[in-house]
Protein chains: 2
Amino acid sequence: MQRATAKPLYIRMHADDNVAIVANRAGLHPGAEFSCGLRLVEQIPQGHKVALADIREGEAIRRYGEVIGYADAPIAKGSWVRESLVRMPNAPSFDNLPKSNGAAIRLPPLEGYTFEGYRNADGSVGTRNILAISTSVQCVAGTVEFALERIRKELLPKYPNVDGVVAITHAYGCGVAINAPGAAVPIRTLQNLARNPNFGSEVMIVGLGCEKLQPELLLPEGMSADDEIMRMQDEGLTGFGEIVDEIVQMADARLKVLNERRRETCPASALVVGMQCGGSDAFSGVTANPALGFAADLLVRAGATVMFSEVTEVRDAIHLLTPRAANQEVADALVREMAWYDRYLAGGEADRSANTTPGNKEGGLSNIVEKAMGSVIKSGTSPIAGVLAPGERASQKGLIFAATPASDFVCGTLQLASGMTLHVFTTGRGTPYGLAAVPVIKVSTRSELKQRWHDLIDVDAGSIATGDATIEDVGWEIFRLILDVASGRETWAEHWKLTNALALFNPGPVT
Amino acid sequence: MQRATAKPLYIRMHADDNVAIVANRAGLHPGAEFSCGLRLVEQIPQGHKVALADIREGEAIRRYGEVIGYADAPIAKGSWVRESLVRMPNAPSFDNLPKSNGAAIRLPPLEGYTFEGYRNADGSVGTRNILAISTSVQCVAGTVEFALERIRKELLPKYPNVDGVVAITHAYGCGVAINAPGAAVPIRTLQNLARNPNFGSEVMIVGLGCEKLQPELLLPEGMSADDEIMRMQDEGLTGFGEIVDEIVQMADARLKVLNERRRETCPASALVVGMQCGGSDAFSGVTANPALGFAADLLVRAGATVMFSEVTEVRDAIHLLTPRAANQEVADALVREMAWYDRYLAGGEADRSANTTPGNKEGGLSNIVEKAMGSVIKSGTSPIAGVLAPGERASQKGLIFAATPASDFVCGTLQLASGMTLHVFTTGRGTPYGLAAVPVIKVSTRSELKQRWHDLIDVDAGSIATGDATIEDVGWEIFRLILDVASGRETWAEHWKLTNALALFNPGPVT
Ligand SMILES: [Ca+2]
Ligand SMILES: [Ca+2]
Ligand SMILES: [Ca+2]
Ligand SMILES: [Ca+2]
Ligand SMILES: [Ca+2]
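Residues numbered from 1 in each chain as written. Chains lettered and ligands numbered in written order. Predicted model: local features only at pLDDT ≥ 70, side-chain atom pairs only at ≥ 80, totals over all residues. Heavy atoms only, no water.

Let's shift gears to the sheet that holds strand 4 (residues 60-63) of chain A. Strand pairing in a sheet is mediated by backbone hydrogen bonds. Such pairs are either parallel or antiparallel. All names here are of chain A. Taken in spatial order, the 3 strands line up as 4-5-6 in an open sheet, and their pairing is antiparallel. Each edge of the open sheet carries a strand with a single partner, namely strand 4 and strand 6 (86-87). Sheet analysis places strand 5 (residues 66-71) next to strand 6, joined by 2 bridges and oriented antiparallel. Bridge pairing links alanine 71 to valine 86 in strand 6. (Pairing = 2+ DSSP bridges. Helix = DSSP H or I, 4+ residues; strand = E, 2+ residues; numbered from the N terminus.)

Let us look at the relation of the copies chain A and chain B. When chain A is fitted to chain B, the residual RMSD is 0.0 Å, and the transformation amounts to a turn of 180° plus an axial shift of 0.0 Å. The symmetry that links the two subunits is that of a two-fold axis. For chain A, the minimum C-alpha distance to the rotation axis belongs to glycine 347 of chain A and amounts to 3.6 Å. Comparing interface residues between copies, 100% of those in chain A also lie at the interface in chain B; the contact surface is shared. (Least-squares fit on C-alpha atoms with pLDDT ≥ 70 in both. Contact = heavy atoms within 4.5 Å.)

Split into domains, chain A comes out as domain 1 (1-87), domain 2 (128-259) and domain 3 (271-495). Domain 1 of chain A and domain 2 of chain A are separated by 53 Å when their C-alpha centres are compared. (Domains from an automatic or database assignment.)

Further remarks concern the coordination of the calcium ion (ligand 4). Residue and element names in this part refer to chain B. At the metal site, the calcium ion (ligand 4) is ligated by Cys277 (O), Cys277 (SG), Glu310 (OE), Glu313 (OE) and Glu313 (OE), and these contacts range over 2.3 to 2.7 Å. The sequence pattern formed by the donor residues of the calcium ion (ligand 4) is C-x32-E-x2-E. A distance of 3.4 Å spans the gap from the calcium ion (ligand 4) to the calcium ion (ligand 5), which cysteine 277 bridges by coordinating each metal. Pair noted here: cysteine 277 is in strand 14 (residues 272-278) and glutamate 310 is in the loop between strand 15 (305-308) and helix 6 (318-321), with a separation of 33 residues, a long-range link. (Donors = N, O, S within 2.8 Å, 3.2 Å for Na, K, Ca; no water.)

Further remarks concern helix 12 (residues 471-486) of chain A. Residue and element names in this part refer to chain A. Taking 1.5 Å of rise per residue, 16 residues should cover 22 Å, and helix 12 covers 22 Å from first to last C-alpha, within 8% of that figure. Restricting attention to buried positions, one finds in helix 12 the residues Val474, Gly475, Ile478, Phe479, Leu481, Ile482, Leu483, Val485 and Ala486. One or two steps after helix 12, the chain reaches glycine 488, where phi turns positive at roughly 125°. (Expected span 1.5 Å × (residues − 1). Buried < 20%, exposed > 50% of the residue type's maximum accessible area, 1.4 Å probe, protein only.)

Time to look at the sheet that holds strand 14 (residues 272-278) of chain A. Residue and element names in this part refer to chain A. Ordered in space as 16-17-15-14-18-19-20, the 7 strands form an open sheet in which the pairing is parallel. Single-partner strands in this sheet number two, and they are strand 16 (384-388) and strand 20 (459-460). Alignment of strand 14 against strand 18 (residues 422-427), held across 6 bridges, turns out to be parallel. In the strand pairing of strand 18, glycine 274 is matched with histidine 423.

Let us look at the packing of helix 1 (residues 141-155) of chain A against helix 4 (residues 239-259) of chain A. All names here are of chain A. Direction vectors running N to C along helix 1 and helix 4 enclose 50°, while the axes themselves pass 9 Å from each other. Between helix 1 and helix 4, the crossing angle belongs to the class labelled oblique. Handedness of the helix 1/helix 4 crossing: right-handed. Residue-level contacts link Thr143, Val144, Phe146, Ala147, Arg150, Ile151 and Leu155 of helix 1 to Phe240, Ile243, Val244, Asp245, Ile247, Val248, Ala251, Asp252 and Leu255 of helix 4. (Axes fitted to C-alpha atoms, helices over the stretch in contact; angles between N-to-C directions. Parallel < 35°, antiparallel > 145°, perpendicular 65-115°, else oblique. Left-handed = near helix turned anticlockwise from the far one by under 90°.)

So, on to the nonpolar core. In this structure, Phe401 and Ile478 of chain B are the most contacted members of the largest nonpolar core, which totals 153 residues. Among all residues touching isoleucine 478 of chain B, those that are not within four sequence positions of it are Ala291, Leu292, Ala295, Val424, Val443 and Val459 of chain B. Counting 149 residues, the second-largest nonpolar core is a separate cluster that includes Ala295 and Leu483 of chain A together with Leu156 and Val510 of chain B. (Core = buried A, V, L, I, M, F, W, Y, C linked by side-chain atoms within 4.5 Å.)

The next thing to look at is the packing of aromatic side chains. Throughout the structure, instances matching the rule amount to 33 aromatic pairs over all chains. Seen in terms of ring centroids, phenylalanine 146 of chain A and tryptophan 496 of chain B are 6.1 Å apart; in terms of plane orientation they differ by 90°. Their pairing is edge-to-face. Of the two residues, phenylalanine 146 of chain A sits in helix 1 while tryptophan 496 of chain B sits in the segment after helix 13 (492-495), which places them in two different chains. Accessibility expressed as a relative area gives 25% for phenylalanine 146 of chain A, which makes it partly exposed. Note on phenylalanine 146 of chain B and phenylalanine 240 of chain B: the rings are 4.9 Å apart at their centroids and 70° apart in plane angle, and the pair reads as edge-to-face. Here phenylalanine 146 of chain B is found in helix 1 (residues 141-155), whereas its partner phenylalanine 240 of chain B is found in helix 4 (residues 239-259), with 94 residues between them in sequence. Following the ring pairs from residue to residue traces out a cluster consisting of Trp340, Tyr341, Tyr344 and Phe505 of chain A. (Phe/Tyr/Trp six-rings, centres within 6.5 Å; stacked < 30°, edge-to-face > 60°.)

What follows covers the interface of chain A and chain B. Counting from both sides, the interface comprises 68 residues of chain A and, opposite them, 68 residues of chain B. If you sort the residues of chain A by the area they bury against chain B, Phe240, Arg452 and Thr511 of chain A come out on top, with a joint share of 13%. Taken together, chain A and chain B are joined by 32 residue pairs in polar contact (both at pLDDT 80 or more). Where the side of chain A that touches chain B is concerned, the elements lending two or more residues are helix 1, helix 4, helix 7 (328-347), helix 8 (358-362), helix 10 (408-417) and helix 11 (447-452) of chain A. For the side of chain A that touches chain B, the per-class residue count stands at 34 nonpolar, 24 polar and 10 charged. (Buried area = accessible area lost by both parts, 1.4 Å probe. Polar contact = N/O pair within 3.5 Å; in protein donor to acceptor, adjacent residues only side chain to side chain. Nonpolar A, V, L, I, M, F, W, Y, C, P; charged D, E, K, R; others polar.)

Residues given the UniProt feature "domain: SAF" (unreviewed entry) here are residues 17-87 of chain A. Helix makes up 0% of residues 17-87 of chain A and strand 27%, and the two end C-alpha atoms of the span are 17 Å apart. (UniProt positions renumbered as here; feature names shortened; annotations may be inferred.)

This part is about the side chain of arginine 324 of chain B. All names here are of chain B. Mapping arginine 324 onto the fold places it in the loop between helix 6 and helix 7 (328-347). Buried and without a salt bridge, arginine 324 has aspartate 297 as its closest oppositely charged side chain, separated by 5.6 Å. Polar contacts involving the side chain of arginine 324 include one to the side chain of serine 379, which spans 3.0 Å. Look past the residues within four positions of arginine 324 in its chain and what remains in contact with it is Gly102, Ile105, Ser379, Gly380, Thr381, Ser382, Pro383, Ile384 and Leu399. (Lys, Arg positive; Asp, Glu negative; His and termini not counted. Salt bridge = Lys/Arg side-chain N within 4 Å of Asp/Glu carboxyl O.)

For any two helices packed against each other, the geometry comes down to the angle between their axes and how far apart the axes lie. Residue and element names in this part refer to chain A. It is at 7 Å that the axes of helix 5 (residues 288-301) and helix 12 come closest, and there the two elements cross at 55°. Looking at the two axes, helix 5 sits oblique to helix 12. Judged by the twist between their axes, the crossing of helix 5 over helix 12 is right-handed. Along its contact with helix 5, which presents Pro290, Ala291, Leu292, Phe294, Ala295, Leu298 and Leu299, the element helix 12 presents Ile471, Glu472, Val474, Gly475, Trp476, Ile478, Phe479 and Ile482. Residues of the contact of helix 5 with helix 12, tallied by class, amount to 13 nonpolar, 1 polar and 1 charged.

Below, the discussion takes up the pattern of salt bridges. Throughout the structure, instances matching the rule amount to 52 salt bridges over all chains. Overlapping salt bridges, with partners in common, bring together Asp281, Arg446, Glu448 and Arg452 of chain A in one network.

Our next topic: the pairing of strand 5 (residues 66-71) of chain B. Residues and elements named next belong to chain B. The pairing of strand 4 (residues 60-63) with strand 5 spans 4 bridges and is classified as antiparallel. Directly across from isoleucine 61, in strand 5, lies its bridge partner glycine 69. In this antiparallel pair of consecutive strands, strand 4 and strand 5, the connection spans 2 residues, and tyrosine 64 shows a positive phi of 60°.

The next subject is the side chain of threonine 322 of chain B. Residues and elements named next belong to chain B. The residue threonine 322 is located in the loop between helix 6 and helix 7 in this model. By relative accessible area, which is 2% here, threonine 322 ends up buried. Dropping the residues within four chain positions of it, threonine 322 is found in contact with Leu97, Pro98, Lys99, Ser100, Asn101, Ala331, Leu334 and Val335.

This paragraph deals with unusual backbone geometry. Peptide bonds are, in most cases, trans, and in most cases residues other than glycine have a negative phi. All names here are of chain B. Phi is positive for tyrosine 64, which is not a glycine, with a value near 60°. Turning to its location among the elements, tyrosine 64 is positioned in the loop between strand 4 and strand 5. Its identity is not glycine, yet asparagine 96 carries a phi of approximately 60°, on the positive side. Among the secondary structure elements, asparagine 96 is positioned in the loop between strand 6 (86-87) and strand 7 (114-119).

Within the element layout of this structure, arginine 429 of chain A appears in the loop between strand 18 and strand 19 (440-444). With a relative accessible area of 18%, arginine 429 of chain A lands in the buried category. Through-space distance from the C-alpha of arginine 429 of chain A to that of proline 267 of chain A is 35 Å; in sequence the pair is 162 residues apart. Residues in contact with arginine 429 of chain A, not counting those within four places in the same chain, are Gly279, Ser280, Asp281, Gly359, Glu362, Gly363, Arg446 and Leu449 of chain A together with Cys210 and Gln233 of chain B. Of note is the side chain of arginine 429 of chain A, whose polar atom sits 3.4 Å from the side chain of glutamate 362 of chain A.

Have a look at this one:
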């Protein structure tokens, strides 16, 4: 643990940078002198930027070797580069982006890593053995929750090899413009959620009967509506008791099947890992996200599928991503998704700058450009093998850009639909993130957070800032923990059974 | 119960109508003859329309005395007026609407009706005694649910006069464009939800710390942030245990206060009733909604506040509503809300026709115009005293148009924010609607539904269709049940503790 009296320390990300962030936990006082001789002319809080040189009015401010803004006034060497001094640049234009060059990126394969997973008939592998109850409409959610209590109390104790039962409830399905162009997103999300590898191909769908999103739409191809769907309005069901009984009986039949499953040794290539950051600070791009990026490279080298997301947080780094696209089609798909999101935000009279939060700014992030540079680092250095529109199912190995909003549970829900079987979540300010369908590994950007939230944070990347560990050290730690957790080791969120509700992305209107 | 062999029966709503709906439960066969001499030329299902006269191609089809469409082909007397034969009219223009004449509508006052309610310091009266835990952001929802289990198990048994504890969780608060024009709606909804009269003015807000929607924004005026707000990221809270303890302790202090409250006799004028329909069929506008409209008139005559909502279901009846506006300002406000919604839908490339569901159509409703005519009947005949934008708090007595989407839980959530202390929900196809914050009285449009869902439906309005009861009979039954339930009598949803999650209306984008 770094003390307030420790040696003044800043972190510079790139040789071209004219700013760096203060690493010391309590910040630094005027007069504090760094080992390079730089002396502070004013107080600077932890995570906030110090000018490494005099910066003229209008001059570019560089971090990560990228322009994160322009000085709105002259900034003297050693002063605090406050948010108010940083004028945000325009988003990079989609014209004249660097061409795809990803085919040239070659990372050495990583062999011999395995985990203990649940193999599915379709070739996918789950990290948990869970029964999912899909629902076609919000109207049935209360009844399904009622049945779920009975299932947990009466059935689950009989099936010790099953990890849990989750209801995929949501606010969609009726009272929405189901033929509007935006409706494709929530519908395919619900379709693909039911097929998540952690649900062992056992499908059951509870519908009402009169809803717009008819339950058949959620049925995977080749499955029979008669077997997998129940409708509460069915004339054969008399009273609430019979409705609940029907749900419980459908669950029982599936739990029996799931209970017969056992973990088997599977290659690491069978993993589908979703990555996200939330409650970010200036350390996110320095500690946790670079370490996660290193782990992502290890996963890609081991043949796994790894997703990064959060469109508004990669939009400003598009010029760094198109050259990494495996081919020009992938580069074009990156642009397609970001252009779609630009239009979506403009339709609501907003833009990407709506992303940053008070916590981001208090944590030292001046604007979305600086946040994006720190966010996109978690994609590592691999070629980008593919792009998914929101809620599409991943069918490729390698690093995938799964286009999603940055909103934490919306992103998590869409990555679940894309087939994620394990979530890694980095956080600077701290968020008690948990999902019922997959284990969530939480990585802190600062050691202070890990110390305070010792029983919520799984990995501390803060030691990178103090020089006590390298990005590689923590990257390997995350990679090994991913394999352990995929094999059944409990995360802190699982220990507490701490889960957040799914949040569907519906770009279409409510009626 | 009406038998399939019963006398052929149709229901005509207005002397000008050239169609009527078949009332017989099993529908009617070709050759069936009504008492007026009309003979069916083909099979017609229950709730579907029969032509009472020959209708020429292009001629207006009238129900409720209003044009619900134009014949797409000649329709012979006695045939089935199928959805495919009915061309939908354009929505009424906002130009040249009838002027406000509501001041001229005089309903005789109704005196002496009371209920046993919980009086609040601000003059409002609750129908239940509930602790609400407000949340500023989705991130804390899982932790609040965790604390809620402890509160229900450890604390509630000590406080027998408290009816329950609800967490106002939601998918808003961060990851949203909080400065976009649409953001005002979810923010004021959350602000006003915490002030619902059923929550006894005891406020507590659980926040995270770094979220966009800072918890202070949810604090009612005059309350202290230090007392009513906790932030999970507070540096004084070490570990998940202390975070949960803090929530439990805040709840305990408030439960002590709520437990001292007792019901008192209050005039019916202190009621705030929200009305809605869902899963509608052709009987909604014939049985349940007219009976609820009669009850609404009784409530208004007794001085209560009564809200009707569901913009897309009143849009086509705007020309029937502006003349009922208490003054021209109210008439203009009606138009303002409907014009806003027209633009909102157009922004998502949809229009009001996106409202109707497969269940509506199977139930006999050809289009949104016919649905709207049946929906708006529940507003009764009173003058419209005021108009609320989505989520605004009602401050008036009388009949209020609270503009909301028709989506069942979005509408219910917005009416809760407007101050509703009791919800009446009419349903044709059937929906197991329940809310944690207020009792919900469910009224069926057909007796068959009440017979099948005997332990979910509170009132059967189906006897109106068979002639076994009048609209006035069922209207009085609903009115008396409202007073009983407001005084503490359990609804079926309360009996089962059947509750659906709140659903915030966020017209702004996700980031
Ligand atoms: Ca992020
Ligand atoms: Ca995020
Ligand atoms: Ca207080
Ligand atoms: Ca309705
Ligand atoms: Ca409705």
